[in-house]
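A structural walkthrough
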Amino acid sequence: MKFFPFVWRNLLRNKLRSLLTGGAIALAIALVCILRTMPAGFDHFLEQLATNTRISVHNTAGIVYSMPYAYLARVKSVPGVVDAVSWTWFGGAVDKDDGVTFPSFAVDADSIGVVFADLEIAPETLEHFRTHRDGALVGRQTLRQYGWKPGDVVTLSSLVWPLELSFRISGEIPADVDPRFWFQREYFEQALREQGVSFDQAGMIWARVDDPEQVPAVMRQVDAMFRNSEAETTSETEKSFFQNFFGNLEGFVTVIVIVTALVTLCIVFIAANTASMAVRERVRELAVLKAIGFHWKLLFVTLVAEAALLSTVAGGVGAGLSLGLTGMLRAASGWNQQLGPLSGFVVTNALFVQALFLSFFIGILSGVVPSFGASRRSVAATLREVF
Amino acid sequence: MIELRNVSRFYRRGADEVHALERVSLEIPAGRFVALMGPSGSGKSTLLNILAGLDRPSDGQVSVAGRKLADLSEDELAAFRAAHMGFVFQFFNLIPVFSARENVELPLLLTHLKKAERRARADTALRIVGLAERATHMPGELSGGEQQRVAIARAIVTDPEIVVGDEPTGDLDAKNAEEVLGLLRALKQDFGKTVVIVTHDPRAERYVDEVLLLDKGVFQGSRPGGQTGASPGHGPGGAATAAPGTAGARP
């Protein structure tokens, strides 16, 4: 400990340089922390999005392939299934030039409230939806985006079907970031029939199971039921479905790991550059210290400790910064619904400690080479050069 | 006692071999104030580095305070220097972020002394060099002469037997150079230290007991110091000639 003031005072010798280097390290560590929250954040987002009792059943060939609508009744008959609802992609656009700006599906009006009971859609809204063939349930996000309100009549042009349908909004789907637009399958089928199209398919089926522990068995039974049929099915949990739907999260995590590693490498270079400069300008002093009896190992340790101390303090600041930033995002997500998913990005205590260790090792790594060279240098050779 | 026997030092500089010292033999008895003098490139600093244990000879033997330096490992040599040697350099090389007292305290960090005792010893050393009242000043707040006196305090704070100086007055004006030389003389006179300096400063001759002359790496002999009493109260106490046979060139 008696060498701590020696290390600390040397660290503050060039305050501006230490501040700039520390700032670079702090920002990089903050970035690393935030990047590291993302996999868990997305997981949290999916957890919020999905229940553990809802499963999706879709064509094994992919979600863009349909399956017979008759499957719905058979899924409903599987023991453990409370209810099931079919979804068919409508691809509706408010303005065709803007394309599809929110997902719209034709659903079964009688079952949607049961299968998605967790959304807590108001009973009177569900009743209005069920009893009005042109009714629509619209996510809060889409209502806000277009300034719609219950009772409004809106028209969507399908980019998939030869249809342009008008809907009367029954009410909202009361989830903060829900963009979905649901309308009655019966209304959809009727419109298609008027166009001379007979439609007996479903895009996919959502089923609610009464007991989470029964979910794997139900999924196995459903898929077994349609094996060797014209449209074999794949059942998966809602979370798994959204994971696949939102892309390859594993690939995303890999990218995050690579970016994190590159950022870390950048910090090592920055810190090593500072350590080199700090050592280079003190060659004369180091020679004198060795002359008066400081062992090279002691000088080496104090020089490395200097680099490690700067990096660790800066790392702590950076981790604190990320803590504050994610805290602000969480607070902001309370009033800005668009930021909702960001509330899942949390710098945990474990992540904070990892960041401190990472910055400590960055300091060690950056200090080792210049410190070793300087402390091993012959005193006589240095004195010959500088005196 | 410092004893060198047939000490040579060669360097490789590219393809050439530079002979910095050629078979130098000499003895410096304990308690003497000796100056190594000679033209630039004569090997003075090389000789000083070797007798101070900062460099190793290519050939020959060096004994200091009864220890053969060749027998010591690098670790032991560092410990030996810390215990037996004090160093003063041309450029004072005080650590700019430490106060005068903290700079003087540095060699004591290598001991087991408690902080209070380290501080007391540093203050004593500063008092000896006449800078007790400047203990808390930073090096940048001190004149060149004062900085060199702090460096001398740092050199003696561990109470070493030997103090070596490489051009200790080289960066000082005449007045401060006289003060520093007087101080070094006092170390010998009042504290019985052996003081060896390398210098070009002709004023030093008046303060030292003996001048050892080198040229082109070869020991050229010695002559007595000035014995002028130039430093009031610290004047040399007697003849400073090297004892016959204790200093001399060997072919």
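Residues numbered from 1 in each chain as written. Chains lettered and ligands numbered in written order. Predicted model: local features only at pLDDT ≥ 70, side-chain atom pairs only at ≥ 80, totals over all residues. Heavy atoms only, no water.

With respect to the overall build of chain B
Looking only at helices and strands, chain B features six helices and 10 strands. In chain B, which comprises 251 residues, the share counted as buried stands at 55%. Pairs at least 24 apart in sequence give 67% of the contacts found in chain B among residues at least 6 apart. Total accessible area on chain B stands at roughly 10000 Å², and carbon and sulfur atoms take up 50% of it. (Helix = DSSP H or I, 4+ residues; strand = E, 2+ residues; numbered from the N terminus. Buried < 20%, exposed > 50% of the residue type's maximum accessible area, 1.4 Å probe, protein only. Contact = heavy atoms within 4.5 Å. Areas by Shrake-Rupley, 256 points an atom, 1.4 Å probe, with all protein chains shown as cover.)

What about the overall build of chain A?
Scanning chain A for helices and strands turns up 14 helices and 12 strands. Per-residue burial for chain A yields a buried fraction of 48% across its 387 residues. When contacts within chain A are restricted to residue pairs at least 6 apart in sequence, long-range pairs at least 24 apart make up 79% of them. Within the structure as shown, chain A displays about 18200 Å² of accessible surface, and the carbon and sulfur contribution to it stands at 60%.

Some details on the sheet that holds strand S4 (residues 59–64) of chain B
Residues and elements named next belong to chain B. Within the open sheet, the four strands sit side by side as S2-S1-S4-S5. Their pairing is antiparallel. In this open sheet, the two strands that pair with only one neighbour each are strand S2 (16–28) and strand S5 (67–68). Alignment of S4 against S5, held across two bridges, turns out to be antiparallel. Counterpart to serine 63 in the pairing with S5 is lysine 68. Along the sheet, helix H1 (residues 44–51) makes contact with strand S1 (2–13), S2 and S4, crossing S1 at roughly 120 degrees. (Pairing = 2+ DSSP bridges. Axes fitted to C-alpha atoms, helices over the stretch in contact; angles between N-to-C directions.)

Concerning a nonpolar patch on the surface
All names here are of chain A. A cluster of nonpolar side chains, namely Met1, Phe4, Trp8, Leu12, Val313 and Val317, defines an oily patch on the protein surface of about 610 Å² accessible area. Listed by contribution, the elements that provide at least two residues to the nonpolar patch are helix H1 (4–11) and helix H12 (296–333). Structurally, the position occupied by tryptophan 8 is in helix H1. (Patch = residues over 30% accessible without salt bridge, like charges linked within 9 Å, V, L, I, M, F, W, Y side chains within 5 Å. Salt bridge = Lys/Arg side-chain N within 4 Å of Asp/Glu carboxyl O.)

Considering empty space enclosed by the protein
All names here are of chain A. Enumeration according to the criterion identifies five cavities of 30 Å³ or more in this entry. Roughly 200 Å³ of volume is contained in the largest cavity. Forming the boundary of the largest cavity are 20 residues, of which Leu11, Thr274, Ala275, Ala278 and Glu306 lie nearest the centre. Mapped by element, the contributors of at least two residues to the lining of the largest cavity are H1, helix H2 (15–49), helix H10 (249–280) and H12. One number sums up the size of the second largest cavity: a volume of about 60 Å³. (1 Å grid on protein atoms, 1.4 Å probe; cavity = no way out; pocket = protein on both sides within 12 Å on 5 of 7 lines; lining within 4 Å. Points joined across faces, edges and corners; volume = space filled by probe spheres on them.)

What to know about helix H8 (residues 215–225) of chain A
Residues and elements named next belong to chain A. For H8, the complete set of buried residues consists of Val215, Val218, Met219, Val222 and Asp223. All buried residues of H8 project into a common sector of 125 degrees when viewed along the axis, lining one side. Looking at the buried residues of H8, the elements they touch are strand S1 (54–59), helix H3 (71–76), strand S3 (81–89), strand S11 (204–209) and strand S12 (233–237). (Arc of directions from axis to C-beta.)

Focus: the packing of aromatic side chains
Residue and element names in this part refer to chain A. Counted by the stated rule, this structure contains 33 aromatic pairs over all chains. Measuring from centroid to centroid gives 5.8 Å for phenylalanine 102 and tyrosine 146, while their planes differ by 75 degrees, and the two rings are edge-to-face. Within this pair, whereas phenylalanine 102 is found in the loop between strand S4 (92–93) and strand S5 (104–107), its partner tyrosine 146 is found in helix H6 (residues 140–146), the two being separated by 44 residues in sequence. Classification of phenylalanine 102 by relative accessible area gives buried; the value is 2%. Ring geometry for tyrosine 146 and tryptophan 148: centres 4.9 Å apart, planes at 20 degrees, overall stacked. Of note, arginine 185 hangs over the ring of tyrosine 69, and the distance from its end group to the ring centre comes to 3.7 Å. Taking NZ or CZ as reference, arginine 376 lies 4.5 Å from the ring centre of tryptophan 296, over its face. (Phe/Tyr/Trp six-rings, centres within 6.5 Å; stacked < 30°, edge-to-face > 60°. Lys NZ or Arg CZ within 6 Å of the ring centre and 35° of its normal.)

Looking at the packing of helix H4 (residues 115–128) of chain B against helix H5 (residues 144–156) of chain B
All names here are of chain B. Packing of H4 against H5 leaves a shortest axis separation of 9 Å and a crossing angle of 130 degrees. The angle between H4 and H5 falls in the class oblique. Of the two possible hands of crossing, H4 and H5 adopt the one that is right-handed. Taking contact as the criterion, the partners of Ala125, Leu126 and Ile128 in H4 are, on H5, Val150, Ala153 and Ile156. Of the residues in the contact of H4 with H5, the class split is six nonpolar, no polar and no charged. (Parallel < 35°, antiparallel > 145°, perpendicular 65-115°, else oblique. Left-handed = near helix turned anticlockwise from the far one by under 90°. Nonpolar A, V, L, I, M, F, W, Y, C, P; charged D, E, K, R; others polar.)

Concerning the confidence of the model for chain B
Residue and element names in this part refer to chain B. For chain B, the mean per-residue pLDDT works out to 83, and 90% of the residues sit at or above 70. Low pLDDT, under 50, characterises residues 228–251; the predicted model gives this stretch 56 contacts beyond four residues in sequence or across chains. Across the interfaces of the predicted complex, the ipTM metric reaches 0.78, alongside a pTM of 0.65. (pLDDT = per-residue confidence, 0-100.)

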